[in-house]
Amino acid sequence: MASNSQSTASDEAHRTDRAADAGSERESTADHESETALETARRQLERAATHVDVDEAAIERLKHPAKVHEVTVPLQRDDGSVDVFTGYRAQHDSVRGPYKGGLRYHPGVTRDECVGLSMWMTWKCAVMDLPFGGAKGGIVVDPKSLSEDETERLTRRFTQELRHAIGPTKDIPAPDMGTDPETMAWIMDAYSMQEGETIPGVVTGKPPVIGGSYGREEAPGRSVAIVTRETCDYYDYPLSETTVAVQGFGSVGASAARLLSKWGATVVAVSDVNGGIYDPDGIDVASIPSHDEEPEAVTQYAAETDVTQIPNADLLELDVDVLVPAAVGNVITADNADAIGADIVIEGANGPTTFAADTILEERGVHVVPDILANAGGVTVSYFEWLQDINRRKWSLERVHDELESEMVRAWTELRDEVEARDVSWRDAAYVVALSRVADAHEARGLWP
Ligand code: NAD
């Protein structure tokens, strides 16, 4: 099986390189509703491969990660006892540059989930034409069960276990579920202490005071809003006459909803984990704190006003122009795809639409703009942060916004050209662009040895 030359570095003692047994993954075709991120990612790759003239061996190689690091992370609790946690870092492909992707602290983290999400990161970076490959990792832990001191100790030890796998030219983690800028600051500090010099470029999503970029936290939501604006314009939906429903009012959903509202769209529904609110005349989304600012603020807002409350499931089926699922994965499934009322779906969350649901929506003529473009503002501003760290020169917020705007419009335009030229869905177009770039890079570099 093919392997690129960057994935041959010697392994450290504590980790297990399991790329060799990745081929034993279950390839369920029956139960699409419970499909894992890895199953969805592989199906999407196989489908994209039918549109692109790429060597079969390259496709087979890309179905598997280059490496999966599995580490044991012991933690001394505040009461002196010791608990042991499992951590992962899946590194999918690095042919175009260092691995890049988030770290999750969540009880549901699995090896397969990390692998599937690392594949998506490869495509996301390639769609944006960033010089990065894909990675994802995390620790199997409920972050709410840890004190702040325990989270710091766990993070520092995890960093030590992964020290030889990460680095500004090897693999650059970023925040994801259960981790935040503070977590990245601890990783940067632990890594820098061990290396004997300050190395801000080892992570992105740091606080700006230690090399983080302005505008990073808002970036995925901003890119969702930019992609929504461009897509509405293309399908002749003037924003001033466009209704939008947003599931999830967190970092991604709240930023997207606020920007779209500012640009003239009518946001008629938003939700958090407990449920949603609906007002056909539009919701003043600027007045509701986001999940980061105040967890479950939508629920709070509903309790304090007489706005109509709706379950999350109903929000997805509202008769609106645009639906932005921006909470969690697998919310649009074969069970509700027929009932989705929007004409356009912009994927704010990672993997909100199952493979089966995607097919149904396509048959129904619903335009689905995929996550690997729509929320790619996050990794794009991470790239800007990495450039700022390497060059030791900070960009203004205005510059970050301007460069993100032009990168997103360029990437959206490239996809639109593929949609028109090949008469394919937006997701297929995104995969065609991404896969072509990754496969061309593999072909140019060749196989080592
Ligand atoms: P967040 O934790 O800031 O907010 C999540 C929101 O979704 C909250 O309002 C929460 O109450 C709600 N929610 C949680 N579970 C829900 C459920 N089952 N049903 C309905 N609502 C639910 O998270 P975020 O950073 O905004 O991430 C949201 C999605 O976007 C995730 O899929 C994430 O992987 C993806 N994403 C995030 C970033 C980033 O940098 N933050 C970048 C790209 C993609």
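Treat the numbers as computed from the prediction; the structure is a model and nothing was measured. Every residue gets a number counted from 1 within its own chain, in the order that chain's sequence is written. Given that the model is predicted, a residue must reach a pLDDT of at least 70 before its local features are reported, and side-chain atom pairs must reach 80 or more before they are shown or counted; all residues, however, enter totals for whole chains, interfaces and linings. Where side-chain values are given, they derive from all heavy atoms of the structure, hydrogens and water being excluded.

Engineer: Summarise the pairing of strand β6 (residues 243-247); cite the residues concerned and give the values.
Structural biologist: Each residue is placed in one exposure class: buried if its accessible area under a 1.4 Å probe, protein chains only, is under 20% of its type's maximum, exposed if it is over 50%, and partly exposed if it falls in between. Note on conventions: DSSP H or I runs of at least 4 residues are helices, E runs of at least 2 residues are strands, and numbering of each starts at the N terminus. The element β6 is extensively covered by neighbouring structure, given that four of its five residues are classed as buried. One bridge is not enough; two strands pair if DSSP finds at least two bridges between them. Both β6 and strand β7 (residues 266-272) contribute to a ladder of four bridges, which runs parallel. Paired with threonine 243 across the bridge in β7 is threonine 266. Call a crossover right-handed when, viewed with both strands pointing away from you, the route from the first strand across the helix to the second goes clockwise. Once you follow β6 into helix α7 (residues 251-262) and on to β7, the crossover reads as right-handed.

Engineer: How would you summarise the pattern of salt bridges if you had to cite specific residues and measurements?
Structural biologist: Think of a salt bridge as a Lys or Arg side-chain nitrogen and an Asp or Glu carboxyl oxygen that are within 4 Å of each other. Following the criterion strictly, the structure yields 31 salt bridges and no others. Its salt-bridge partner being glutamate 403, residue arginine 399 comes within 3.1 Å of it at the nearest N-O pair. Note that arginine 399 and glutamate 403 are positioned in helix α13 (residues 397-422) at a spacing of four residues, about one turn of the helix. On the accessibility criterion, arginine 399 (35% relative accessible area) is partly exposed. Its salt-bridge partner being arginine 437, residue glutamate 414 comes within 2.8 Å of it at the nearest N-O pair. Of this pair, glutamate 414 sits in helix α13 while arginine 437 is found in helix α14 (residues 426-445), placing the two residues 23 residues apart along the sequence.

Engineer: Report on the environment of tryptophan 426, specifying residues and quantitative values.
Structural biologist: Checked against the element boundaries, tryptophan 426 lands in helix α14. Separated by 314 residues in sequence, tryptophan 426 and aspartate 112 place their C-alpha atoms 26 Å apart. For this analysis, residues touch if any pair of their heavy atoms sits within 4.5 Å. Look past the residues within four positions of tryptophan 426 in its chain and what remains in contact with it is Tyr234, Tyr235, Val368, Val369, Pro370, Trp412, Leu415, Arg416 and Val419.

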